Amino acid sequence: MIKPDHKDKIESNLNKGADSKHTCKRIENMFAVHNENRTMIAIKEALVKLAEEGLLNE
Amino acid sequence: MSSFRKKISKVTEILTLPDVLVEINTLISRTDTSASDIAKVINTDIALSTKILKLVNSAFYGFSKQITSINYAIVILGFSAVRNLAVTAFVMDLKYNKICDFESKDFWLFSINTGITAQYLSERLGIDSKDEAYMSGLLHDIGVVILNQYFSEEFSTAFKYAQKNNCTLLEAEKKLLEFNHVEIGEIILESWNFPEKIINVCKNYSNPDKVTSEIMPHLVHLADGFCRALKLGNPGDNSLPELSDIAMRKAGIAEGDVYSLLKSILDKTKLSNNFLQ
């Protein structure tokens, strides 16, 4: 049996994962139309990292 | 005269800059102006002075002691920063039609964040123009609000096209309309007697490399793009125009710096919604 506080933590991580997936999809869409220059590649990589850390607004 | 020119010249007749702002601009351009000269002018408009004090005392500035007078606010923040707050309060009160889910507060949040980001980029670069950078970022898309309010049918058409085709509002306007929000912004800022430098940013930020070597259009170009990428408000579309390598070089941003830069922008703008309360 999972302890209640640990269960909350798991749920929170799952939600964070789902949010990050949604955000990464938005980032993919945003960059889909570009012939990526060096700047755009650097921005995309930074955004994905921020999304994975749960730091982006959605 | 085209019907657009007729209509926009009527708009510039109706939509004038308040006398208080005109006076503040005149005072700031003079060398013998004191803080109390500007405070006297601001205090003649109770609504404006209340709004400025509210902004100055918001968590965004984080002063430990409450600032209770405009005079003191000017001494602490400086002439130009207080003028910027007055302009922010004025533009946020401009009329606006909600279209689909695009609300004025989301648009102004985007514009304020672009201003804050442009200010940060200019500070980071060590150039002495942070107040000009904020004002340029705040007003860079002012034409969107004018288009929304006074050409609402055209705005609605372009807005829906941009949403559907995943392009910028400007691209949609260029495709569908005889005019666009950049041209409208330029006309409005000229009619309000804003400095040439700020009008040039509004005119050139979307494609700075091809038209200017000045730094500010490049900084606002990047600030606009970073705020779009980070979804800091709503510019009216979900697109991210391609950002210029040249602008990045001019702003002194190496590719390896982008992650920490975006993180700093998130931090700098996290309290910007204080401006909207």
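Here's a quick rundown of the structure. Treat the numbers as computed from the prediction; the structure is a model and nothing was measured.

Conventions used here
Residues numbered from 1 in each chain as written. Chains lettered and ligands numbered in written order. Predicted model: local features only at pLDDT ≥ 70, side-chain atom pairs only at ≥ 80, totals over all residues. Heavy atoms only, no water. Helix = DSSP H or I, 4+ residues; strand = E, 2+ residues; numbered from the N terminus. Buried < 20%, exposed > 50% of the residue type's maximum accessible area, 1.4 Å probe, protein only. Areas by Shrake-Rupley, 256 points an atom, 1.4 Å probe, with all protein chains shown as cover. Contact = heavy atoms within 4.5 Å. Buried area = accessible area lost by both parts, 1.4 Å probe. Salt bridge = Lys/Arg side-chain N within 4 Å of Asp/Glu carboxyl O. Nonpolar A, V, L, I, M, F, W, Y, C, P; charged D, E, K, R; others polar. Expected span 1.5 Å × (residues − 1). Arc of directions from axis to C-beta. Core = buried A, V, L, I, M, F, W, Y, C linked by side-chain atoms within 4.5 Å. 1 Å grid on protein atoms, 1.4 Å probe; cavity = no way out; pocket = protein on both sides within 12 Å on 5 of 7 lines; lining within 4 Å. Points joined across faces, edges and corners; volume = space filled by probe spheres on them. Phe/Tyr/Trp six-rings, centres within 6.5 Å; stacked < 30°, edge-to-face > 60°. Lys NZ or Arg CZ within 6 Å of the ring centre and 35° of its normal.

**Let's talk about the overall build of chain A**
Item 1. Secondary structure summary: chain A contains two helices and zero strands in total.
Item 2. Looking at chain A as a whole, 31% of its 58 residues are labelled buried.
Item 3. Of the roughly 4100 Å² of accessible surface on chain A, 52% is carried by carbon and sulfur atoms.

**Comments concerning the interface of chain A and chain B**
Item 1. Facing 22 residues of chain A, the contacting portion of chain B comprises 21 residues.
Item 2. Taken over both partners, the interface formed by chain A and chain B buries close to 1900 Å², and the fraction arising from carbon and sulfur atoms is 61%.
Item 3. For the interface between chain A and chain B, the tally reads one salt bridge.
Item 4. For the salt bridge of A:Arg38 with B:Glu255, the shortest nitrogen-to-oxygen distance reads 2.9 Å.
Item 5. Put simply, the parts of the chain that give the side of chain A that touches chain B at least two residues each are helix H1 (4–31) and helix H2 (38–52) of chain A.
Item 6. Ranked by residue count, the leading element in the side of chain A that touches chain B is H2(A), at nine residues.
Item 7. When the residues that make up the side of chain A that touches chain B are grouped by side-chain class, the tally is 11 nonpolar, six polar and five charged.

**Some points on helix H10 (residues 152–165) of chain B**
Residues and elements named next belong to chain B.
Item 1. In a regular helix each residue adds 1.5 Å, so 14 residues correspond to 20 Å; H10 covers 20 Å between its end C-alpha atoms and thus fits that length.
Item 2. Turning to H10, its buried residues are Phe155, Ser156, Ala158, Phe159 and Ala162.
Item 3. Packing partners of the buried residues in H10 comprise helix H9 (142–150) and helix H11 (169–176).
Item 4. Of the residues flanking the end of H10, it is Asn166, one or two places downstream, whose phi is positive at about 50°.

**Considerations on helix H2 (residues 19–29) of chain B**
All names here are of chain B.
Item 1. Taken residue by residue, H2 has Val20, Leu21, Ile24, Asn25, Leu27 and Ile28 as its buried positions. Down the axis of H2, the buried set is contained in an arc of 165°. They therefore lie on one face. Exposed side of H2, more than 90 degrees from the buried face: Asp19 and Ser29 are the residues found there.
Item 2. Those residues of H2 hidden inside the fold are in contact with helix H3 (35–43), helix H4 (46–56) and helix H6 (79–92).

**Considering the nonpolar core**
Item 1. With 68 residues, the main nonpolar core has B:Val91, B:Leu139 and B:Trp192 as its most contacted residues.
Item 2. Looking at this core element by element, the count peaks at seven residues for H6(B).
Item 3. Non-local contacts of B:Trp192, meaning those with residues more than four positions away in its chain, are made with B:Leu15, B:Thr16, B:Leu17, B:Phe90, B:Val91, B:Leu94 and B:Ile142.
Item 4. The next biggest cluster of nonpolar side chains, apart from the first, holds 40 residues, and it includes A:Met40, A:Leu56, B:Phe110 and B:Leu240.

**Structural notes on the layout of surface pockets**
Residues and elements named next belong to chain B.
Item 1. One number sums up the size of the largest pocket: a volume of about 500 Å³.
Item 2. Forming the boundary of the largest pocket are 26 residues, of which Thr168, Glu171, Ser206, Pro241 and Glu242 lie nearest the centre.
Item 3. Listed by contribution, the elements that provide at least two residues to the lining of the largest pocket are H11 and helix H15 (215–229).
Item 4. For the lining of the largest pocket, the leading source of residues is H11, giving four residues.
Item 5. A per-class count over the lining of the largest pocket returns 11 nonpolar, eight polar and seven charged.
Item 6. By volume, the second largest pocket is sized at about 420 Å³.
Item 7. If you trace the second largest pocket, you find 18 residues lining it, with Phe60, Tyr61, Ile116, Gln119 and Glu123 closest to the centre.
Item 8. Those elements that provide at least two residues to the lining of the second largest pocket are H6, helix H7 (104–125), helix H8 (130–139) and helix H17 (258–269).

**Describing the packing of aromatic side chains**
Item 1. Applying the stated criterion across every chain, the model contains 13 aromatic pairs over all chains.
Item 2. On the numbers, 5.2 Å between centres and 85° between planes, the contact of B:Phe60 with B:Tyr61 is edge-to-face.
Item 3. Ring centres of B:Phe151 and B:Phe179 lie 5.0 Å apart, and the angle between their planes is 55°; this geometry places the pair in the tilted category. With a gap of 28 residues between them, B:Phe151 in the loop between H9 and H10 and B:Phe179 in the loop between H11 and helix H12 (181–191) connect regions that are remote in the sequence. For the pair B:Phe151 and B:Phe179, one class covers both residues: buried.
Item 4. In this structure an aromatic cluster arises from ring pairing among B:Phe102, B:Phe107, B:Trp108, B:Phe155 and B:Phe159.
Item 5. Looking at A:Lys49, its charged tip hangs above the ring of B:Tyr259, at a distance of 4.0 Å from the centre.
Item 6. Geometry around B:Phe151 places B:Lys7 over its ring, the cationic atom sitting 4.9 Å from the centre.

**Re the pattern of salt bridges**
Residue and element names in this part refer to chain B.
Item 1. Summed over the entire model, instances satisfying the criterion amount to 12 salt bridges over all chains.
Item 2. Here Asp224 ties to Arg228 by a salt bridge, and the two come within 3.0 Å at their closest N and O atoms. A residue pair is termed a helical-turn pair when its members lie 3 or 4 positions apart in one helix, as Asp224 and Arg228 do in helix H15 at four residues.
Item 3. One salt-bridge network, in which partners are shared between bridges, spans Asp224, Arg228 and Asp237.

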